[in-house]
Amino acid sequence: MDWYVFTFLTQDGLTTGAIYALIALALVLVFAVTRVILVGQGDFVTLSALTLATLQAGKTPATVWLLLGGASLVCVKMLAAAAREGRLAQAPRILLMQMTLPCVLALVCWLVEPATLPGALKVLLSIVIIAPLGPVLYRLVYQPVAQASVLQLLIISVAIHIAVIGISLWIFGAEGFRTLPFTSGNLDLGEVSISLQSVLVIGIALALIVALYLFFGHTLYGKALRATAFNQRGAQLVGVPTDLAGSHAFLLAAIIGAVSGILIGPITTLYYDSGFLITLKGFVAAIIGGMASYPLAAAGAFLVGLLESFASFWVSAYKEVIVFTLVLPVLLWLSLTTHHVEEEQH
Amino acid sequence: MSGDKLLEVQGLYACYGKVDALLDISLRMRRGEIVSVIGPNGAGKTTLLSALIGLVSSEGDVRYAGQALTRYHNVAERVSRGISLVPESRELFAPMTVEDNLLLGAFSRHRQGHRDQHSTLAEVYALFPRLKERRTQAAGTLSGGERQMLAMGRALMARPTLLMLDEPSLGLAPKIIGEIFQIIRDLRSTGVSVLLVEQNARAALKSSDYGYVLENGEVALEGPAAELADNPSVIDTYLGRKKKNTAPVEELTAIG
Ligand SMILES: Nc1ncnc2c1ncn2[C@@H]1O[C@H](COP(=O)(O)OP(=O)(O)OP(=O)(O)O)[C@@H](O)[C@H]1O
Ligand SMILES: [Mg+2]
C-alpha cells in the first residue's frame, strides 16, 4: 500500500465514520429515552437520500404523501383520545399542531415544479419531509406500547423496518440512487490530496455532534430529555410529559438520519433497503459505547468507518464480516466489566 | 388568601389490579395549611399522594383550586397547575449534578414561559445551604439527608401551590428531621400549602394544622392536629405511651 492509497482510505474511513457516528448517537439517544432499539434509524437515511435524488431528478417525492398519511393517522388517533376523554375543545389545536407542516409540504410539492427549486432548497425540503416522520412513527407505533419490554420493542422495530422497506420499494423502485456531490474540488496539502466533499461531510457531522452536545449539556430542554432517560418517573414529576420526551427523541433521531442521508447520498449508491446495514454499523459503534456513552459511541463509529475502509481494500469480500466481528470482543469486554442490570419488570 | 379551599377530595377510590388501596377517601385542605396524613405501613398513604398527582389512576371527586382535577390528565399538567410531589422513592436524576436536578425542577415553569429559575435557585440554596456546597456533585453520590433536601429543593423549584411530601423524615437522623420540619413550617409563611405523609406521627402532628389517620385505605380518624395528638387511640397506636409534648422535636425518635 502506498501513501496515496493510505490517505485515500483514511479519508474514506473518516467520512463514513462521521456518518456512522451520527447514526450511533441517534440510536443511543432513542434507546436511552424510550428503550427502543430503532432498527429503522437507517431507513431515515435512505428515505432522505432517495427523496433528494427524486427531487434532483425533477420529480415529486412520494415520501411527502407518506408524511401526510402518517400525520393524518396520528391526528385521528389523537382526536379519538380527546373525544374519549371529553376534551374535544382541543380538536382545532390538535389539527393545527399535527397537520400544518405536512399540508404545507404537500402543497409545496404539488404546486412547485421540483426542477425549478435551487439545490439548497431541495436539500432543505428533503430534510423537512423526513424529520417529522420520526414523531409520527413514535406516536403511531411506540407510544401505545411504551410500557413493553426492550425485547418486545425490538421485535416491533424489526417489523416496522420491514414495513418501511416495503413502502420504500413501492415508492422508489429497486434501482440504486446517488445524489449530486456538493462540490468536486480537492484540497492539496503537499503529498496529501483531500476531497472537499469529505471535508464537508466530516465538518457537518462534527458540527451536528457539537450542536447535540450543547443541546444536551446546556439547555434545560436537553437536560430534561437526558433526565427522562435516567429516571422517567422523576422527569414526570418535574413536569416532563413522557410522550413528549419520546416524540422529541424520535424527532432528533429522524433529523439526524435525514441529515446523514444528505451527507452519504453523494458518496454511496443507496437502494430502498440500504438502511439496515447503515443501522447495523451505527449499532456496532453504539455497542462499543455500551448503548449509553455518546463519546465512546462516536469514537467507535470512526473505528468502524476506518476498519470498513481498509478491509474493503485488503479483503473486500469480508469487509462486513470484519466490521461485525468487532462486536464480539466488545461484548465480551462489556459482559466481563459491567455488572448485569436486570430489566425492570412492568 | 388563607381560609379558602385548596383541595377537596370526596369519595376517592384507587386500586392495584384487584387489590383496593384507597376506599372512599374524603379530605379537605385550606390554602396555607399544613395537613398531615399518618397511618401504618400499607395503609395507602403513598397511593393517596400518587393518585392526587396522577401517577396512579383513581376515581372520585377531587377539586383543586375550585376546579375538577380530572381536567388535568397527566402528571405534567398537574405539576403545571402548581402541584408538586416529593415521592417516597425521591426519584432524583442520579448521574446529573445537584444544580441540574434543581434546575430541572423548574422545567414546568420554564415550559410555561417563566424565566425566573435562577432567582428561585438562589432561594432554594438559601433554604438548603448544603445543596449549594454540593452543587456540582452528582445527585447519586449524596447522603440520604442531602438527597431528601435535594428532592424537596427540586419540588420547590416549581414554586408549588400544593407541596406533597411523602415521608420526608424517612431514614434521617433526629437532628436533620428537626431541620426538615422547621423548613416545612417556614414554607407555610411563604404561602405554600403542604400535604404531609409521615411515619413520624409526633413530629408531623406537631407541625400541622389538621391531620388524618389512614388505615386500610380508609380515613379512620381526622381532626385538628392538636386534638388528634391528644386522642387516646392515636397516642396508643402512633405516638407510643410516652407523654406527649414533653420533648422538642429534635430529641424525639421515630415511632416504628
Ligand atoms: N404498584 C403496586 N401494585 C400492587 N399493589 C400495590 C402497589 N403499590 C402499593 N400497593 C399496595 O397498596 C397498599 C397501599 O400501599 P401504599 O404504598 O399506599 O402504603 P403506605 O401507606 O404508603 O405504606 P408505607 O407507610 O409502608 O409507605 C399496600 O397494600 C401495597 O401493598
Ligand atoms: Mg408510603
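Residues numbered from 1 in each chain as written. Chains lettered and ligands numbered in written order. Predicted model: local features only at pLDDT ≥ 70, side-chain atom pairs only at ≥ 80, totals over all residues. Heavy atoms only, no water.

Visitor: Talk me through the overall build of chain B; I want residue IDs and the actual numbers.
Guide: Broken down by element type, chain B carries eleven helices and ten strands. A compact globule built from 256 residues would reach a C-alpha radius of gyration of about 18 Å, and chain B, at 18 Å, matches this within 12%. Its C-alpha atoms give chain B principal-axis dimensions of roughly 50 × 45 × 40 Å. Classification of the 256 residues of chain B by burial places 50% in the buried group. Relative to all contacts within chain B whose residues are 6 or more apart in sequence, the contacts with residues 24 or more apart total 68%. Summed over all atoms, the accessible surface of chain B reaches about 11,100 Å², with 48% contributed by carbon and sulfur. Both charge centroids of chain B, one from 30 positive and one from 30 negative side chains, sit 4 Å from each other. (Helix = DSSP H or I, 4+ residues; strand = E, 2+ residues; numbered from the N terminus. Rg over C-alpha atoms; globule rule 2.2 N^0.38 Å. Buried < 20%, exposed > 50% of the residue type's maximum accessible area, 1.4 Å probe, protein only. Contact = heavy atoms within 4.5 Å. Areas by Shrake-Rupley, 256 points an atom, 1.4 Å probe, with all protein chains shown as cover. Lys, Arg positive; Asp, Glu negative; His and termini not counted. Charge placed at Lys NZ, Arg CZ, Asp CG, Glu CD.)

Visitor: Could you give me a rundown of the interface of chain A and chain B, with the residues and numbers involved?
Guide: Opposite the 20 residues of chain A that make contact, chain B presents 24 residues. The junction of chain A with chain B conceals about 2,100 Å² of combined surface from both sides, 72% of it contributed by carbon and sulfur atoms. Across the chain A-chain B interface, the total number found is one salt bridge. Between Lys223 of chain A and Asp100 of chain B there is a salt bridge, and its shortest N-O distance comes to 2.8 Å. Connecting chain A to chain B are four residue pairs in polar contact (both at pLDDT 80 or more). The biggest single contributor to the side of chain A that touches chain B is helix α9 (residues 220-230) of chain A, with seven residues. Residue classes in the side of chain A that touches chain B are distributed as eleven nonpolar, four polar and five charged. (Buried area = accessible area lost by both parts, 1.4 Å probe. Salt bridge = Lys/Arg side-chain N within 4 Å of Asp/Glu carboxyl O. Polar contact = N/O pair within 3.5 Å; in protein donor to acceptor, adjacent residues only side chain to side chain. Nonpolar A, V, L, I, M, F, W, Y, C, P; charged D, E, K, R; others polar.)

Visitor: Describe the packing of aromatic side chains, and please don't skip the residues or the numbers.
Guide: What the rule picks out here adds up to eleven aromatic pairs over all chains. Aromatic side chains Phe6 of chain A and Phe310 of chain A sit 5.8 Å apart centroid to centroid with 50 degrees between the ring planes, which places their arrangement in the tilted category. Of this pair, Phe6 of chain A sits in helix α1 (residues 3-34) while Phe310 of chain A sits in helix α13 (residues 294-314), and the two are 304 residues apart along the sequence. On the basis of an interplanar angle of 50 degrees and a centroid distance of 5.5 Å, the ring pair of Tyr221 of chain A and Phe107 of chain B is categorised as tilted. (Phe/Tyr/Trp six-rings, centres within 6.5 Å; stacked < 30°, edge-to-face > 60°.)

Visitor: Tell me about the coordination of the magnesium ion (ligand 2), and please be specific about residues and values.
Guide: All names here are of chain B. At the metal site, the magnesium ion (ligand 2) is ligated by Thr46 (OG1) and Glu88 (OE), and these contacts range over 1.9 to 2.5 Å. One end of the pair, Thr46, is in helix α1 (residues 45-53); the other, Glu88, is in the loop between β6 (83-86) and α3 (98-105), with 42 residues separating them in the sequence. The partly exposed category is assigned to Thr46, whose relative accessible area is 29%. Relative accessible area serves as the criterion here: at 32%, Glu88 is assigned to the partly exposed category. (Donors = N, O, S within 2.8 Å, 3.2 Å for Na, K, Ca; no water.)

Visitor: Lay out the environment of Phe310 of chain A in plain terms, naming residues and giving numbers.
Guide: According to the relative accessible area criterion, Phe310 of chain A is buried, its value standing at 14%. Separated by 180 residues in the primary sequence, Phe310 of chain A and Ile130 of chain A have C-alpha atoms spaced 32 Å apart.

Visitor: Requested: an account of the sheet that holds strand β9 (residues 210-215) of chain B, with residues and values cited.
Guide: Residue and element names in this part refer to chain B. Spatially, β6-β7-β8-β3-β9-β10 is the arrangement adopted by the six strands of the open sheet, whose pairing is mixed. Each edge of the sheet is formed by a strand with only one pairing partner; in this case those strands are β6 and β10 (218-224). Each strand of the sheet is rotated relative to its neighbour by a mean of 15 degrees, with strand direction disregarded. Of the pairings in the sheet, the one linking strand β7 (residues 162-166) to strand β8 (residues 193-198) comprises five bridges and is parallel in character. Paired with Asp166 across the two strands is Val197, which belongs to β8. The strands touched by helix α7 (residues 144-156) within the sheet are β6 and β7, with β6 carrying the most contacts at an inclination of about 170 degrees. (Pairing = 2+ DSSP bridges. Axes fitted to C-alpha atoms, helices over the stretch in contact; angles between N-to-C directions.)

Visitor: An account of the pattern of salt bridges is requested, with residue identities and associated values reported.
Guide: All names here are of chain A. Tallied over the entire structure, the rule returns 15 salt bridges over all chains. Salt-bridge contacts for Asp243 lead to Arg139; the nearest nitrogen and oxygen are separated by 3.8 Å. With Asp243 in helix α11 (residues 242-264) and Arg139 in helix α6 (residues 133-142), this residue pair connects regions lying 104 residues apart in the sequence. Relative accessible area serves as the criterion here: at 13%, Arg139 is assigned to the buried category.

Visitor: Quick one: what's the story with a nonpolar patch on the surface, residue by residue and with numbers?
Guide: There is a patch of nonpolar side chains on the surface, built from Phe313, Trp314, Val315, Tyr318, Val321 and Ile322 of chain A and spanning about 600 Å² of accessible area. Within the secondary structure, Ile322 of chain A sits in helix α14 (residues 319-325). (Patch = residues over 30% accessible without salt bridge, like charges linked within 9 Å, V, L, I, M, F, W, Y side chains within 5 Å.)

Visitor: How would you sum up the packing of α9 of chain A against α11 of chain A? Please name residues and give values.
Guide: Residue and element names in this part refer to chain A. Interhelical geometry of α9 versus α11 gives an angle of 110 degrees and a closest axis separation of 10 Å. Compared by their axis directions, α9 and α11 come out roughly perpendicular. Residue-level inspection shows Tyr221, Leu225 and Thr228 of α9 in contact with α11, the latter providing Leu244, Ala245, His248, Ala249 and Leu252. A class-by-class count of the residues in the contact of α9 with α11 yields six nonpolar, two polar and no charged. (Parallel < 35°, antiparallel > 145°, perpendicular 65-115°, else oblique.)

Visitor: Describe the sheet that holds strand β2 (residues 19-30) of chain B, with residues and values.
Guide: Residues and elements named next belong to chain B. The four strands are arranged β2-β1-β4-β5 in an open sheet whose pairing can be described as antiparallel. Here the strands that pair on one side only, and so sit at the sheet edges, are β2 and β5 (67-68). One ladder, built from two bridges, connects strand β4 (residues 59-64) with β5; its direction is antiparallel. For Tyr64, the partnering residue across the bridge sits in β5 and is Gln67.

Visitor: Lay out the pairing of β6 of chain B with the relevant residues and their values.
Guide: A regular strand places its side chains so that they alternate between the two faces of the sheet. Residues and elements named next belong to chain B. Neither face of β6 is exposed, since Ile83 and Leu85 on one face and Ser84 and Val86 on the opposite face are all buried. Taken together, the four bridges between β6 and β7 define a ladder with parallel strand orientation. Bridging across to β7, Ile83 finds its partner in Leu162.

Visitor: Can you lay out the nonpolar core for me, pointing to particular residues and giving the numbers?
Guide: Residues Leu38 and Tyr142 of chain A together with Leu102 and Ile184 of chain B are the most contacted members of the largest nonpolar core, which totals 132 residues. At 14 residues, α1 of chain A tops the list of elements feeding residues into this core. Once residues within four sequence positions are removed from consideration, Tyr142 of chain A is found in contact with Val36, Leu38, Leu137, Leu153, Ile156, Ser157, Ile160 and Phe250 of chain A. Of all hydrophobic cores here, the second largest spans 34 residues; its members include Leu48, Ile53, Val62 and Met164 of chain B. (Core = buried A, V, L, I, M, F, W, Y, C linked by side-chain atoms within 4.5 Å.)

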